[in-house]
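Single-letter residue listing:
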Amino acid sequence: MIFDLKDLEVEIIKKFDGKFNYYNPSHFNGKTIFRRQTKYQDKILISDIVDEHDNVILQHKLCDEFITGYEDARFINDEEISVCVCQNDKDDLNRHINVKFAKYNLKSKELKIFKTQNAHFEKHWQFYDDKIIYHVTPYTILDNNENVIFKKEINWKPWIEKYGNPRLSTNVFEVGGIKYLLFHSSKNINGVNLRYYVGIMILDSSLNPIGYCDTTLFNSTESFDIHTFFDYFSWKRKLLGLPTIVDIIFPMNVCVDTYINIYCGINDCISANIKINKNEFINKIKKSSFILV
């Protein structure tokens, strides 16, 4: 690991409160949005997107065939957010149909669902001016019309052997004139425990990959605010499907001021901002080992 959480400031913004579960936040220009879970028919958890005052931005809905929820929304700019549109079979609630990716305009209330459906679950696209970073395996950039304009196979073998398959996580952010993004991966341990890892990648000025750090950014969170996790685990344990014991930092977006502010979900039941001093970040990243791609 590069950073030990006990040495960092971790601001808890919202968390599981006994009725709703708040996690995976995104922040932009003083505004924060959250994924808010609630129970549906005491069978599954369904998600809405809400703001810091619990005002609903996108609410789950039932149609003829599906129940649709909204997950993991991220700010693109002041007026737009990206969001995962998740559909479950309304007659078999535990059966996922698909996850489509969409852009939602906060002013016009227009939801634009993208046509690309290369994967059963389309998640975590990142928008940067007129480009969309689509995947890291292979590293793929789309234009605004969803045409592939860059694709490169990366040697992920050293990372995969230690931490599992990498997947995209955050926006591109700049520190000290260098562009970065964060990605995540996961490993299932004993069939019950799920551990997530956070990685960091360096990009060039065109957003093409230069390399990635060969070690995870953070240490384990299994004992972080353990009482909240136990309460959350007990709340969902009678739902359909087996509950999972998690050890997760899930980075959603990064904002830079005098700190590197990593807005993230912790252990699927906490919305947090992990704050890293900018100079400390620069120094530790400079001393870290990177695999060039």
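Use the structure listed above.
The residue count restarts for each chain, going from 1 along the sequence in the order it is written. Under the rules for a predicted model, residues below a pLDDT of 70 receive no local features and side-chain atom pairs below 80 are neither given nor counted, while totals for whole chains, interfaces and linings still include all residues. Side-chain metrics in this entry use all non-hydrogen atoms of the structure; hydrogen atoms and water are not considered.

Stacked, tilted and edge-to-face are the three classes assigned to paired rings of Phe, Tyr and Trp, where Trp is represented by its six-membered ring and a pair needs centres within 6.5 Å; plane angles under 30 degrees give stacked, over 60 edge-to-face, the rest tilted. Scanning the model with the defined rule gives 28 aromatic pairs in all. Summarising the aromatic geometry, the rings of Phe101 and Trp125 are spaced 4.9 Å apart at their centres and angled 20 degrees between planes, so their arrangement reads as stacked. Note that Phe101 is positioned in strand β9 (residues 96–105) and Trp125 in the loop between β10 (111–113) and β11 (126–128), a separation of 24 residues in sequence. Assigned by exposure class, Phe101 and Trp125 land together as buried. Taking 5.0 Å as the distance between ring centres and 70 degrees as the angle between the ring planes, the aromatic pair formed by Trp156 and Phe183 counts as edge-to-face. Of this pair, Trp156 sits in the loop between β14 (148–152) and α1 (157–163) while Phe183 sits in strand β17 (residues 178–189), and the two are 27 residues apart along the sequence. Summary of the burial criterion: residues with accessible area below 20% of their type's maximum are buried, those above 50% are exposed, and those between are partly exposed, where the area comes from a 1.4 Å probe applied to protein chains only. Classification of Trp156 by relative accessible area gives buried; the value is 4%. With relative accessibility at 0%, the residue Phe183 sits in the buried group. Here a set of aromatic residues connected by ring pairs shows up, and it is made of Phe16, Phe229, Phe230, Tyr232, Phe233 and Trp235. For a Lys NZ or an Arg CZ to count as sitting over a ring, it must be within 6 Å of the ring centre and within 35 degrees of the ring normal. Lys14 extends its terminal NZ or CZ atom over the ring of Tyr22, reaching a point 4.6 Å from the ring centre. Counting from the N terminus, the helices are the DSSP runs of H or I reaching at least four residues and the strands are the DSSP runs of E reaching at least two.

Once that is clear, we can look at the side chain of Glu122. You can see Glu122 is positioned in the loop between β10 and β11. In this tally Asp and Glu are treated as negative and Lys and Arg as positive; neither His nor the chain ends contributes. For this document, the term salt bridge refers to a Lys or Arg side-chain nitrogen within 4 Å of an Asp or Glu carboxyl oxygen. The buried charged residue Glu122 lacks any salt bridge, with Lys123 as its nearest oppositely charged partner at 11 Å. A distance of 2.8 Å separates the side chain of Glu122 from the backbone nitrogen of Asn118, its partner in a polar contact. Polar side-chain contacts of Glu122 include one of 3.0 Å to the backbone nitrogen of Ala119. Leaving out residues up to four positions away in the same chain, Glu122 has contacts with Cys84, Val99, Lys100, Phe101, Thr116, Gln117, Tyr134 and His135. Under this definition, polar contacts are N or O atom pairs within 3.5 Å; protein pairs additionally need one hydrogen-donor-capable and one acceptor-capable atom, and for neighbouring residues in sequence, both atoms have to be side-chain atoms. A contact between two residues is defined here by any heavy atoms of the two lying within 4.5 Å.

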